[in-house]
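# Structural features, examined
Below are the chains, spelled out letter by letter.
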Amino acid sequence: MEMSINNDIKARVPALLERVKEKKPLVHHITNYVTVNDCANAVLAIGGSPIMADDIGEMHDIVSMASALVLNIGTLNERTIESMIIAGKRANELGIPVVFDPVGAGATRMRDKTANRIIDEVKLAVIRGNISEIKAVSGIASRTKGVDAAEEDMLSSGNLDYGKKIAMDLSRRLDCVVAITGPVDIVAEKDKVCFVENGDKMLSTITGSGCVCTSIIAVYCGVTGNYFDAAVAGLISIGIAGEMAREMTAVSNAGSGTYREKLIDSLYLLTAEDIQKRGKVSCHET
Amino acid sequence: MEMSINNDIKARVPALLERVKEKKPLVHHITNYVTVNDCANAVLAIGGSPIMADDIGEMHDIVSMASALVLNIGTLNERTIESMIIAGKRANELGIPVVFDPVGAGATRMRDKTANRIIDEVKLAVIRGNISEIKAVSGIASRTKGVDAAEEDMLSSGNLDYGKKIAMDLSRRLDCVVAITGPVDIVAEKDKVCFVENGDKMLSTITGSGCVCTSIIAVYCGVTGNYFDAAVAGLISIGIAGEMAREMTAVSNAGSGTYREKLIDSLYLLTAEDIQKRGKVSCHET
Amino acid sequence: MEMSINNDIKARVPALLERVKEKKPLVHHITNYVTVNDCANAVLAIGGSPIMADDIGEMHDIVSMASALVLNIGTLNERTIESMIIAGKRANELGIPVVFDPVGAGATRMRDKTANRIIDEVKLAVIRGNISEIKAVSGIASRTKGVDAAEEDMLSSGNLDYGKKIAMDLSRRLDCVVAITGPVDIVAEKDKVCFVENGDKMLSTITGSGCVCTSIIAVYCGVTGNYFDAAVAGLISIGIAGEMAREMTAVSNAGSGTYREKLIDSLYLLTAEDIQKRGKVSCHET
């Protein structure tokens, strides 16, 4: 069935970008203070509307306005963890999709404990992380070093089956879409899997490319009830933007500072046609 | 009396920018973690000196050094709200101007409650917000969506009288300068009103242009006791910088990432002569 | 003995940069929310790996993974001060170097109290600040205005002996390396002193150049037990990057926004050869 899904996705994703520009979904973020500005500008660039708020006292009101909710534990603390739980439960009550980024899961017991609490108490639409983070959330031991994927975990065309199995298993267990990002991205929902091969290695030279990816997935979740499509659309969008940014910086002797700016430019300039033409996605039903 | 005030302002504003570069006013910010870096760089770019601090334990010492204080509730929380009240009262004792940005007022009860507490307990020099925020602070129902002005509220040459009345009424009630930013900006102080038509629509594609505008107004409040002039100077400055940034990015296929950088460049390059030549302000006494 | 040390340093520093690119040291930051994103991107640009975390509940786990720890009190608060103490003590137990940036020391009693508590309870590898901050930490009265060095304190070739004495005295007292940054940078360890003359005045037009300097010193501390070399390497690196950024922006009519981006580009592009060729350091044993 590969081709059919493949073609469906190829047909549906570009239309999703147009719906984003039309609907301007409001995405509520409870996220870290390191990359929060990048996430806000990325959401605006692609056509969404970001709102960052983390005080427990306004979680109900903010979530109620939102089209999607991002929970990112990059700089978690006792106060905001409670806000995440309250906001997540409220989003569940209202049927608002929750996208979870378990930043640094596997690195500390506090992050593992928090990630487990979130997946236990909140029904997720999508969970996105690098392979080490997703392994940690899955309860598989890993050697995460900080917030980057451990070397030996790195997904490449060589060990996709390994990542694919982890993603599918976690998807079945949590009944949500699982996205593992790396040299090749994997999106799984139960027995359905897509690989996305867009992207550029410069993305790993700036902070926040993972957080931004999660925010963009949330933007798409804000315009469709099909969260599998939303995750694929998010990965293709950030991947192509990463390629466009590389092309824009290729000429000058640019570095990661310029690349970061061009990534936002690329998200801003990204069109449905770019996705149609440049999207590299292959899907399977097993 | 239009021309007279108009001419006065035109003559005074350029001189204010030169006073900023000469005095380098220290502006204390208690602000949100989303756009705080943009505010700091914008204040430095135009010639001021920013200091961001929010622990209640050092509010007295920080405020005492400052030439102006910014209270921005973009990511308010229980801890920093108390710091804002303490800092605001201390600034009042010392005669230091307080500039308030009611980010997201109207969006949550917590923000409305906090905004009301601030205007009740702190004497403001200037309050700046979009039309939906100012309506909320005025106690007029609005349909704010997140932190952006509601569509139906948007000020344009079409409904300026409506915004003008709201600004003047709030100014009389709070005995402070009220600035409403939008396609056309309004500055009101009791019966005195100016419209500023500088600006560029790209400003709405980046996060923080509103916060930066508030910070720039505070920089000007740090060099003159005439807060009406300071507000007009801030709006003209950010508006012209927005136009210059657009011109700088017009050539390349730039997006919002490049625009954001050029906005800071423009604030850095802005001269008294630019303000003299490009400022679009018309004033009225009613 | 000037030449000998001088030559040693000149030979060792370029090799340190290569070790950074090879080892990618993980640098744990407990830092301010104003410049945290710049610090993260700067650490990535030069080849390190940043992790920002401040909740007391994960300090032990995070510190244990790190190659160096940065304590930056730019936006200190009661909660994070405790995290800094816990993290610093843990780093001491594990022999992980601690680099302290006493941002705004001298500006408020809370900052002085906190700086004193940190130097009393934590053994530092390096302390870096501007002359006003280092004077405050040394208990010498100063007239700091906010987070910038007081005018009358400014180090220049004219009063280097004055700064040199302050640095050497504090180094002896704290038994750590002391780095004072300014027009001319001073690094002292007991009787050993180096002056670094790389840099550009545009560095003072952006927020965070000091914080970034501290983070880069920490990156180098993560690859050598010689913290004096690490401090010199950090100052030379940021100084040369500042010069390169100036050269990159010289052509266009750029301002501080572009300069900030090019500074990150320059850290990314910086090579051992650049350090060898452009490093301006002179050392003395007294």
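Here's what I pulled together on the structure shown here. Sequence positions are assigned chain by chain, starting from 1 and proceeding in written order. The lettering of chains begins at A and the numbering of ligands begins at 1, in the order of writing. Only residues with pLDDT of at least 70 are given local features in this predicted model, and only at 80 or more are side-chain atom pairs given and counted; all residues enter the totals for whole chains, interfaces and linings. In computing side-chain values, all of the structure's heavy atoms are included and hydrogens and water are not.

### Section: empty space enclosed by the protein
Put plainly, a pocket is an open set of points on a 1 Å grid over the protein atoms alone with protein on both sides within 12 Å along at least five of seven lines, a cavity is a set where a 1.4 Å probe fits but cannot get out, and a lining residue has an atom within 4 Å of a point. Grid points are joined across faces, edges and corners, and a volume is the space filled by probe spheres set on the points. What the rule picks out here adds up to eight cavities of 30 Å³ or more. If you add up the space inside the largest cavity, you get close to 330 Å³. Around the largest cavity, the lining is made up of 24 residues, and of these Arg260 of chain A, Arg260 and Glu261 of chain B together with Arg260 and Glu261 of chain C lie nearest the centre. Contributing elements (two or more residues each) for the lining of the largest cavity: α2 (36-46) and α10 (256-269) of chain A, α2 (36-46) and α10 (256-269) of chain B together with α2 (36-46) and α10 (256-269) of chain C. Here the term charged refers only to Asp, Glu, Lys and Arg, the term nonpolar to Ala, Val, Leu, Ile, Met, Phe, Trp, Tyr, Cys and Pro, and the term polar to all other amino acids, Gly among them. Among the residues forming the lining of the largest cavity, the class breakdown is four nonpolar, 11 polar and nine charged. Working definition: helices are DSSP H or I runs of at least four residues, strands are E runs of at least two. Numbering for both runs from the N terminus.

### Topic: the interface of chain A and chain C
Contact between two residues is taken to exist if any of their heavy atoms lie within 4.5 Å; hydrogens are not considered. Each partner contributes residues to the interface: chain A has 32 residues there, and chain C has 33 residues. Between chain A and chain C, the buried area comes to about 2500 Å², and carbon and sulfur atoms account for 49% of it. Salt-bridge detection follows one rule: a side-chain nitrogen of Lys or Arg within 4 Å of a carboxyl oxygen of Asp or Glu. Between Asp61 of chain C and Arg109 of chain A there is a salt bridge, with the nearest N and O atoms lying 2.3 Å from each other. Mapped onto the side of chain A that touches chain C, the elements with two or more residues apiece are α5 (109-121) and α10 of chain A. Buried surface area refers to the total accessible area, computed with a probe of radius 1.4 Å, that the two partners give up upon joining, counted for both partners together.

### What to know about the relation of the copies chain A and chain C
When the copies are superposed, the least-squares fit draws on C-alpha atoms of residues that have pLDDT of at least 70 in both. Superposing chain A onto chain C takes a rotation of 120° plus a shift of 0.0 Å along the axis, which leaves an RMSD of 0.0 Å. Such a turn and shift between the copies fits a three-fold axis. Nearest to the rotation axis, the C-alpha of Tyr33 of chain A is located 3.6 Å from it, this being the minimum over chain A. Of the residues that chain A buries at the interface, just 9% are likewise interface residues in chain C, meaning the two copies contact each other through different surfaces.

### Observations regarding the nonpolar core
Counting 177 residues, the largest nonpolar core has Tyr220 and Val232 of chain A, Tyr220 and Val232 of chain B together with Tyr220 and Val232 of chain C as its most contacted members. Excluding residues within four positions of it along the chain, Tyr220 of chain A makes contact with Leu16, Leu17, Val20, Ile46, Ala230, Ala233, Gly234, Ser237 and Ile275 of chain A. Nine residue types can take part in a nonpolar core, namely buried Ala, Val, Leu, Ile, Met, Phe, Trp, Tyr and Cys, and a core is a set of them joined through side-chain atoms within 4.5 Å. Relative accessibility under 20% of the residue-type maximum defines a buried residue, over 50% an exposed one, and the middle range a partly exposed one, all with a 1.4 Å probe and only protein chains included.

### With respect to the side chain of Thr31 of chain B
Here Thr31 of chain B lies in the loop between β1 (26-30) and α2. For Thr31 of chain B, a relative accessible area of 11% gives the class buried. Nitrogen and oxygen atoms within 3.5 Å of one another constitute a polar contact, given that in protein one can donate a hydrogen and the other can accept it, and given that sequence-neighbouring residues count only through two side-chain atoms. At 3.5 Å, the side chain of Thr31 of chain B and the side chain of Asn72 of chain B are in polar contact. Thr31 of chain B has contacts with Val36, Met52 and Asn72 of chain B together with Tyr33 of chain C, leaving out every residue within four places of it along the chain.

### Here's the deal with the state of the cysteines
When the sulfur atoms of two cysteines come within 2.5 Å, that pair is taken as a disulfide. Taken as a whole and judged by the stated rule, the model has three disulfides over all chains. One disulfide bridge connects Cys194 of chain B with Cys283 of chain B, the sulfur atoms lying 2.0 Å from each other. Its S-S torsion of about 105° marks the bond between Cys194 of chain B and Cys283 of chain B as right-handed, since a negative value means left-handed. One end of the pair, Cys194 of chain B, is in strand β8 (residues 192-196); the other, Cys283 of chain B, is in strand β9 (residues 281-285), with 89 residues separating them in the sequence. Residue classification places Cys283 of chain B among the buried residues on the basis of a relative accessible area of 0%. In this structure Cys221 of chain A is a free cysteine whose sulfur lies 10 Å from that of Cys176 of chain A, the closest cysteine sulfur available.

### Some thoughts on the relation of the copies chain C and chain B
Superposing chain C onto chain B takes a rotation of 120° combined with a translation of 0.0 Å along the rotation axis, leaving an RMSD of 0.0 Å. Comparing contact sets, just 9% of the residues at the interface of chain C also lie at the interface in chain B, consistent with a heterologous contact between different surfaces.

Take it as geometry only, folks, not as evidence of what the structure does.
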